[in-house]
Amino acid sequence: MTQSIHPLPGPACPVSHVDPFSDAFLGDPYGFHEELRDIAPVFWLDRYGVYGMARHAEVQASLMDWETFCSGRGAGIEDFAKVKSWRPPSKLLEVDPPIHTRTRSVMSRILSPAAMRQVRETFTARAEALAETVVAKGEIDAIKELAEVFPLHVFPDAVGLGPEGRENLLPFGNMVFNSFGPPNAIFQESVANAKPVVQWIYDQCSRDRLRPGGFGSQVWDAFDAGEIDADEAATLVRSMLTAGLDTTVNGIANAIYAFATHPDQWRALRDDSALIRQSFDEVLRWESPVQTFFRTTTREVEVAGTTIPEGQKVLLFLGAANRDNRKFPEPERFDIRRRPIGHAAFGAGIHSCVGQLVARLEVELILTALLKRVDVIELAGEPSRKLNNTLRCIGSLPIRFKALAA
């Protein structure tokens, strides 16, 4: 699955022996991030024979320059120009113009601000009901009883999925995001867990399984209109059911974790609920759900004095860029009054997350519903991490809600 190891680069490029896909790194990346940022703007990861960037300026510039740092050769460690991937490439994340222009325009229309306004009322009702339930319980696992429950209910509804089998979406998405890294034990375990559900996922992408009028059905309407082909339509529906779910689950989980470990920030949000949307951007910066993505150079390029040859994989550390003190003062501090403009959690440029409006809406509604009911959010036990080659995940998050006085 990994590419062949390229000879070491010239002496101008520092070499790092850090393994960004090790259990230690994925479990607690921030010390490693600091080490990588301190090495140089560009470095060589000798374990995998790829270049890396962890500072904000270089990560952001690379994300913006799709013509040099392309996605069409894979957003993972595989180079699609050299190997045939075991999985179908994403028609959003792993294509470049002109194909990307076509698929992106379809998805941008379907997941538009107007579409969010149409689903807002139903999403709100579910958020209010769920908040009422979890606050009444007092103590919950915020992953199993909140962060997974809400997106698994509202977003598949909006896509037009039937009610049965939605639990299959989580192991499938976990496998997809693991596949962007090397074929390590984490990836192999996720493949084994997802194997029984793969066919179910593919079946759900056919137009006859989708409720008319939903986001999925609208993708097939675009096929009828000649905007995309049948393979692109099925793949775009599948992308909604993976990328549109796992990142939101982790976004909600990371928000709850952030406020549980920073009670002063929950008080600040209670004092000024207008900060809700801004606070989510700070969550995204401080604990980025998507930690890394690869790009591939299409030509020889010089970055900060280092020459990267054509056809080289470059690992962009989005999570590290979001804690770069060259861009964000006191980056380890979670502060909802910060305006983290330019964070890389949703990517940047033409490949920025097309479903971010959905994630923003879901988190806004959950936080709004909790603000009406919760005085204090606190940890009720030690959280546990769920390791993923791409995502920053929490496996279990014991939370205690102290309700507002009636």
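Residues numbered from 1 in each chain as written. Predicted model: local features only at pLDDT ≥ 70, side-chain atom pairs only at ≥ 80, totals over all residues. Heavy atoms only, no water.

### Things to note about the overall build of the protein chain
A tally of helices and strands in the protein chain yields 16 helices and 13 strands. Considered along the principal axes of its C-alpha atoms, the protein chain spans approximately 65 × 50 × 35 Å. Expressed as a percentage of its 406 residues, the buried residues of the protein chain come to 60%. Contacts spanning at least 24 positions in sequence make up 73% of the contacts within the protein chain whose residues lie at least 6 apart. Entry remark: accessible area of the protein chain is about 16,100 Å², with carbon and sulfur atoms responsible for 53%. (Helix = DSSP H or I, 4+ residues; strand = E, 2+ residues; numbered from the N terminus. Buried < 20%, exposed > 50% of the residue type's maximum accessible area, 1.4 Å probe, protein only. Contact = heavy atoms within 4.5 Å. Areas by Shrake-Rupley, 256 points an atom, 1.4 Å probe, with all protein chains shown as cover.)

### So, the packing of aromatic side chains
Counted according to the given criterion, the structure contains 15 aromatic pairs. Taking the centre distance of 6.3 Å and the plane angle of 20 degrees together, the rings of Phe-21 and Phe-294 count as stacked. Note that Phe-21 is positioned in the loop between strand S1 (15-16) and helix H1 (23-27) and Phe-294 in strand S6 (residues 292-297), a separation of 273 residues in sequence. The same class applies to Phe-21 and to Phe-294, which are both buried. Measuring from ring centre to ring centre gives 5.3 Å for Phe-180 and Phe-293, while their planes differ by 85 degrees; the resulting arrangement is edge-to-face. With Phe-180 in the loop between helix H8 (169-178) and helix H9 (185-194) and Phe-293 in strand S6, the pair connects residues that are 113 residues apart, well separated along the chain. Exposure remark for Phe-180: the relative accessible area of 5% places this residue in the buried category. In textbook terms, an aromatic cluster arises when at least three aromatic residues are bridged by ring pairs, as seen for Tyr-257, Phe-259, Trp-266, Trp-286 and Phe-334. (Phe/Tyr/Trp six-rings, centres within 6.5 Å; stacked < 30°, edge-to-face > 60°.)

### A short note on the pairing of strand S3 (residues 50-53)
Residues in a regular strand project their side chains so that they alternate between the two faces of the sheet. In S3, alternate side chains face the same way, and those of Val-50 and Gly-52 on one face and Tyr-51 and Met-53 on the other are all buried. Both strand S2 (residues 43-45) and S3 contribute to a ladder of three bridges, which runs antiparallel. Pairing of Trp-44 across the sheet is with Tyr-51, part of S3. Hairpin connection between S2 and S3: a loop of four residues separates the two successive antiparallel strands, and Gly-49 in this loop has a positive phi of roughly 65 degrees. Sheet analysis places S3 next to strand S9 (residues 313-317), joined by three bridges and oriented parallel. (Pairing = 2+ DSSP bridges.)

### Considerations on the sheet that holds strand S10 (residues 374-379)
Backbone hydrogen bonds are what pair the strands of a sheet, in a parallel or an antiparallel way. Taken together, three strands build an open sheet; the order of strands is S5-S13-S10 and the sheet is antiparallel. A single partner strand is all that each edge strand has here, and the edge strands are strand S5 (139-141) and S10. Neighbour to neighbour, the strand axes of the sheet diverge by 30 degrees on average, direction disregarded. Across five bridges, S10 lies against strand S13 (residues 398-403) in antiparallel orientation. Note that in S13 the partner of Val-374 across the bridge is Ala-403. (Axes fitted to C-alpha atoms, helices over the stretch in contact; angles between N-to-C directions.)

### Some details on the nonpolar core
Ranked by internal contacts, the top residues of the largest apolar core, which has 111 residues, are Phe-215, Leu-370 and Phe-401. Tallying contributions element by element places helix H12 (residues 230-261) first for this core, with 15 residues. Beyond its immediate stretch of four places on either side in the chain, Phe-215 contacts Ile-110, Leu-111, Ala-115, Met-116, Val-119, Phe-155, Ala-158, Val-159 and Met-240. Counting 14 residues, the second largest nonpolar core, distinct from the first, contains Phe-21, Phe-43, Val-50 and Phe-317. (Core = buried A, V, L, I, M, F, W, Y, C linked by side-chain atoms within 4.5 Å.)

### Considering the sheet that holds S6
Reading across the sheet, the six strands line up as S1-S2-S3-S9-S6-S4 and stay open at both edges, with mixed pairing between neighbours. Two strands lie at the open edges of the sheet, namely S1 and strand S4 (69-70), each paired on one side alone. This element, helix H2 (residues 30-39), spans S1, S2 and S9 of the sheet and lies at about 130 degrees to S2.

### Quick word on the pattern of salt bridges
Per the stated rule, a full pass over the model turns up 28 salt bridges. A salt bridge links Asp-224 to Arg-207; its shortest N-O distance comes to 2.7 Å. Residue Asp-224 is located in helix H11 (residues 215-224), and its partner Arg-207 is located in the loop between helix H10 (198-204) and H11; the two are separated by 17 residues in the primary sequence. Here Arg-333 and Glu-330 are joined by a salt bridge, their closest N and O atoms 3.4 Å apart. On the accessibility criterion, Glu-330 (52% relative accessible area) is exposed. By sharing partners, the salt bridges in this structure join Arg-73, Asp-79, Lys-82 and Glu-310 into a single network. (Salt bridge = Lys/Arg side-chain N within 4 Å of Asp/Glu carboxyl O.)

### Let's talk about the packing of H12 against helix H16 (residues 356-371)
The contact between H12 and H16 brings their axes to 9 Å, and the two run at 35 degrees. In this structure, H12 crosses over H16, and the sense of that crossing is right-handed. Contacts from Thr-248, Gly-251, Ile-252, Ile-256 and Phe-259 of H12 reach H16 at Ala-359, Glu-362, Val-363, Ile-366, Leu-367 and Leu-370. Of the residues in the contact of H12 with H16, the class split is eight nonpolar, two polar and one charged. (Left-handed = near helix turned anticlockwise from the far one by under 90°. Nonpolar A, V, L, I, M, F, W, Y, C, P; charged D, E, K, R; others polar.)

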